[in-house]
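Report on the structure
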Amino acid sequence: MRVIVNTFGTDIKLKQEIVLEPASPSLRDVLSALRERYRVPLERFLNDDLSPVRGVAILINGRNIRSLDRSATTIREGDELTFTVMVAGG
Amino acid sequence: MKGVRGKLLEVDLTQGTTQELPVPLEHYHRYLGGRGLGARLLYDMLPPGTDPLSPDNLLFFLTGPLTGSTAVGASKFVVVTKSPLTHTWCDAYSSGRISVQLKKVGYDGMVIRGRASNRCYLRIDEQGVDIRDASHLWGKDSFTTEKTLKEQEESPAFVSSIGPAGENLVKFACINSDLYRQAGRGGVGAVMGSKHLKAIVVIGGQGVPLHDRKQLLGLNKEAHRRASVSPVAQARMKYGTPLTLNITHTGGILPTKNFQFSTWEKALEKIDSVGVYRSVKKHVSCLSCFIHCSLITEAAEGKYKGVTVEGPEYETLGLFGSNLLIDSLPTIIQANVLCDILGLDTISTGNIIGFLMECSERGLIPPSKAFDLRFGDEEGALAVIEMIAYRRGFGDILAEGVRAAAQHIGGGSDRFAMQVKGLEFPAYDPRGAFGSGLSYAVSPRGACHRRAWPPAQEILGDYPPYTAEGKAEMVREQYDINCILHSLLVCDMPAKFIPLSMEDYANYLHAVTGESFSISDFAQIAGRIETLIRLFNAREGFGREEDTLPYRTLFEPLPDGPGKGQCVGEDNLNRMIDEYYACRGWDSAGVPTEATLRDYELSTEASRG
């Protein structure tokens, strides 16, 4: 499965294309697979149990997983995952 | 009560007189300062139906009880007046050292009335107030004005001024301070220009008495500790507000091509946080703040290489970037500087140029009235900025604001004139976050991003974005928090990034003033202030009919992004407004009920009408 990963924090990385083989297409398994390969960049965003760190949001194609199926959200080929600190205001 | 001076400076430019205006202690208890005090004083002192550009309009510069105390983020001031753009209540916020200086010379703010017979500026120090001739400054840009006034003083002087746009009564002219800081929205610069007042200079003064300096230092120390471990604060200190563009693009609320679209891939790594960061020369913070979230950037290439600005902030990037399909950061920096020196609000200006581009592409503007301006036309956009500021040619129409321009152009252009009550949309498309639609619609100064920031909940938080469900209470809560912040007159940024809670601000308020406020006191004060501002607007003829959104937002489905196919729709808007009024204690017409007025002790105001 190919996913696109963005991280918005103290370091911003855009449009990282990653090919991975999750155990299932659920977000939980995709995160688990991502962490295997991307442990350092994602540890600012994910707790050990793969839940978002306080003050962090995870978006799938721009939609917050809190208004989707949270960790059970199904991830599809080419989906864009964004890990972001909860910046507010402009 | 420590921390406040208990009086304003009152200046009558028609008479050429100044005097002290005592502020009753009760006002600080019931309205705190800033936005709240402005609501109270504007309601009491401005005759209903006043022409905003007449000598009778009042122009307040107000501080808050924490101003001058070194509490984190407490170097803001607010300009309160009746807006020439919307004819509503108007509050425009700015950083600027003039806020602290006003406190130091002995005033919690000032109110300016009348119109000087000759162009003038005010010079204020501890010895008194002078109304001085400004004929040598009239016509100068705001940077030149500020530098000239500073150079003629022996002591450090702090200046707020208008540029040519304010002199020419452009309805969205701003007031500039410390070169790059603006009280931007609603045309406060035009009100200043209408009074023939070019600038205000404040010099010297003594520190403000504090109740408990030790407690204040302890609170600042704790805020600093929290900021040092806050990922949000750390990210903001590195990237500033441009980081918001990455969020709004991803979440599908980035204004693109005059709000036709909600995402723009070409913005990435050019005019977003990544692109702007490459051009950052320095990070700076406001007086009394350790969150250095402001960026000094320099155009790195091309025709504008070397041009420097403090910014551009997210709003400028959104409205001069994606909204105009301009992906050149140097061009946006140049646009930012032009707006600053000419004294124009970048939000309204970018919005109006986007509208003009769409009108032009739709063939609604005869070639004789304006050149053929297309989306992505960088030089054309820059030229329009100057046309507006000097009211040259078609710029004279645009200088009246997007609503008036649409009325002039006709052809159904009002459907994509992105404004509420005449105030141009800031850089968030409500079709991708319906709560923003409610927040824009009910905002008393028109489409405003300062009353609430619903994307924090709808894109990043727990609220589904494409529904009316729960939005009224969420928006009311954000309004009330911001009302307190803007009445204390502290910056939103430390509050939201460190973060600091209402309890923290109650502690700050105690340390500075010696007065104790509870969270429920704050809730009561915020409700009172928002209701009083509602009464002000009602007295000026505004009601539910004006609490609405443009056609595009209501009825044109988004063609792209996560919200593809979404528009707010009349039913959703009406439901959100009904629920918002209800949780405010206003009736279905948006009129505060008698019980609400009693609760807030505002019954007398309502009966006075």
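Here's a quick rundown of the structure. (Residues numbered from 1 in each chain as written. Chains lettered and ligands numbered in written order. Predicted model: local features only at pLDDT ≥ 70, side-chain atom pairs only at ≥ 80, totals over all residues. Heavy atoms only, no water.)

Concerning the overall build of chain A
The helix and strand inventory of chain A stands at 1 helix and 5 strands. What you see in chain A, going N to C, is helices and strands ordered as β-β-α-β-β-β. A globule of 90 residues ought to have a C-alpha radius of gyration of about 12 Å, and chain A, at 12 Å, matches this closely. Viewed in the frame of its principal axes, chain A has a C-alpha envelope of about 35 × 25 × 25 Å. The buried share of chain A, reckoned over its 90 residues, is 53%. Accessible area of chain A: about 4,300 Å², with a carbon and sulfur share of 44%. Here chain A carries 13 positive and 12 negative side-chain charges, and the mean point of each set is 5 Å from the other. (Helix = DSSP H or I, 4+ residues; strand = E, 2+ residues; numbered from the N terminus. Rg over C-alpha atoms; globule rule 2.2 N^0.38 Å. Buried < 20%, exposed > 50% of the residue type's maximum accessible area, 1.4 Å probe, protein only. Areas by Shrake-Rupley, 256 points an atom, 1.4 Å probe, with all protein chains shown as cover. Lys, Arg positive; Asp, Glu negative; His and termini not counted. Charge placed at Lys NZ, Arg CZ, Asp CG, Glu CD.)

A short note on the overall build of chain B
Helix and strand counts for chain B stand at 26 helices and 17 strands. A compact globule built from 609 residues should have a C-alpha radius of gyration of about 25 Å, and chain B, at 22 Å, falls within 12% of that. Counting contacts in chain B only where the partners sit at least 6 residues apart, residues at least 24 apart contribute 70% of the total. As displayed, chain B offers around 19,300 Å² of accessible surface, 48% of which is attributable to carbon and sulfur atoms. (Contact = heavy atoms within 4.5 Å.)

Considering the environment of B:F416
Residues and elements named next belong to chain B. Among the secondary structure elements, F416 is positioned in the loop between helix 16 (402-409) and strand 16 (419-420). Residues F416 and Y304, 112 residues apart in the sequence, show an inter-C-alpha distance of 32 Å. Setting aside its immediate chain neighbours within four residues, F416 contacts N258, F355, E358, C359, R362, L364 and R552.

Description of the interface of chain B and chain A
Contacts between the two partners involve 35 residues from chain B and, on the opposite side, 25 residues from chain A. Roughly 2,500 Å² is buried in total at the junction of chain B and chain A, and carbon and sulfur atoms are behind 65% of that figure. Considering only the side of chain B, the residues that lose the most area to chain A are B:V232, B:T250 and B:L460, jointly responsible for 22% of the buried surface there. Between the two partners, chain B and chain A, sit 3 salt bridges. Where chain B meets chain A, there are 8 residue pairs in polar contact (both at pLDDT 80 or more). Sorting elements by how many residues they give to the side of chain B that touches chain A places helix 8 (residues 231-239) of chain B first, with 7 residues. (Buried area = accessible area lost by both parts, 1.4 Å probe. Salt bridge = Lys/Arg side-chain N within 4 Å of Asp/Glu carboxyl O. Polar contact = N/O pair within 3.5 Å; in protein donor to acceptor, adjacent residues only side chain to side chain.)

A look at the nonpolar core
Residue and element names in this part refer to chain B. Ranked by internal contacts, the top residues of the largest apolar core, which has 177 residues, are L66, I385, Y505 and Y508. For this core, the element with the most residues is helix 12 (residues 329-342), which contributes 9 residues. Apart from the residues lying within four places of it in its own chain, the contact partners of L66 are A71, A74, L488, V490, Y505, Y508, L509 and V512. Counting 32 residues, the second-largest nonpolar core is a separate cluster that includes L53, A92, I98 and W138. (Core = buried A, V, L, I, M, F, W, Y, C linked by side-chain atoms within 4.5 Å.)

Here's the deal with the environment of B:A381
Residues and elements named next belong to chain B. Residue placement: A381 occurs in helix 14 (residues 378-389). Sequence-wise, A381 and A335 are 46 residues apart; in three dimensions their C-alpha atoms are separated by 8.2 Å. With residues near it in sequence (within four places) discarded, A381 still touches L324, I326, I353, M357 and L373.

A word on the sheet that holds strand 15 (residues 308-310) of chain B
Residue and element names in this part refer to chain B. Within the open sheet, the 3 strands sit side by side as 13-14-15. Their pairing is antiparallel. At either end of the open sheet lies a strand with only one pairing partner, and these are strand 13 (280-284) and strand 15. Across this sheet, the average inter-strand angle for adjacent strands is 15 degrees, counted without regard to direction. Along the sheet, helix 12 makes contact with strand 14 (294-298) and strand 15, crossing strand 15 at roughly 70 degrees. (Pairing = 2+ DSSP bridges. Axes fitted to C-alpha atoms, helices over the stretch in contact; angles between N-to-C directions.)

Focus on the sheet that holds strand 5 (residues 80-85) of chain A
Pairing between sheet strands relies on hydrogen bonds along the backbone, with the strands arranged either parallel or antiparallel. Here 5 strands make up an open sheet; going across it, the order is 2-1-5-3-4 (chain A) and the pairing mixed. Two strands bound the open sheet, and with one partner strand each, they are strand 2 (12-19) and strand 4 (63-64) of chain A. As paired strands, strand 1 (residues 2-8) of chain A and strand 2 of chain A are joined by 6 bridges and run antiparallel to one another. Each bridged residue has a counterpart across the sheet, and for A:F8 the counterpart in strand 2 of chain A is A:I12. Relative to the sheet, helix 9 (residues 243-251) of chain B contacts strand 1, strand 2, strand 3 (56-60) and strand 5 of chain A, its axis offset from that of strand 1 of chain A by approximately 145 degrees.

Re the side chain of B:S413
Within the fold, B:S413 resides in the loop between helix 16 and strand 16. Beyond its immediate stretch of four places on either side in the chain, B:S413 contacts B:F355, B:C359, B:L364 and B:A406.

Regarding the pattern of salt bridges
Residues and elements named next belong to chain B. Per the counting criterion, the structure on display carries 48 salt bridges over all chains. Taking the shortest distance from any N to any O, the salt bridge between E601 and R30 comes out at 3.3 Å. Of this pair, E601 sits in the loop between helix 25 (594-599) and helix 26 (603-608) while R30 sits in helix 1 (residues 25-31), placing them 571 residues apart in sequence. Its relative accessible area of 52% is what places E601 among the exposed residues. Since its relative accessible area comes to 13%, R30 is described here as buried. Here E400 and R391 are joined by a salt bridge, their closest N and O atoms 2.7 Å apart.

Some thoughts on the pairing of strand 3 of chain A
Residue and element names in this part refer to chain A. When you tally the buried positions in strand 3, you get 5 out of 5 residues, the bulk of the element. Because side chains alternate across strand 3, one face comprises the buried residues V56, I58 and I60, and the other comprises A57 and L59, equally buried. With 2 bridges connecting them, strand 3 and strand 4 associate as antiparallel partners. By the bridge assignment for strand 4, L59 is matched with N64. The turn joining strand 3 and strand 4, which pair antiparallel and follow one another in sequence, is formed by 2 residues; a positive phi near 50 degrees is taken by N61.

What is shown is where atoms sit, not what they do.
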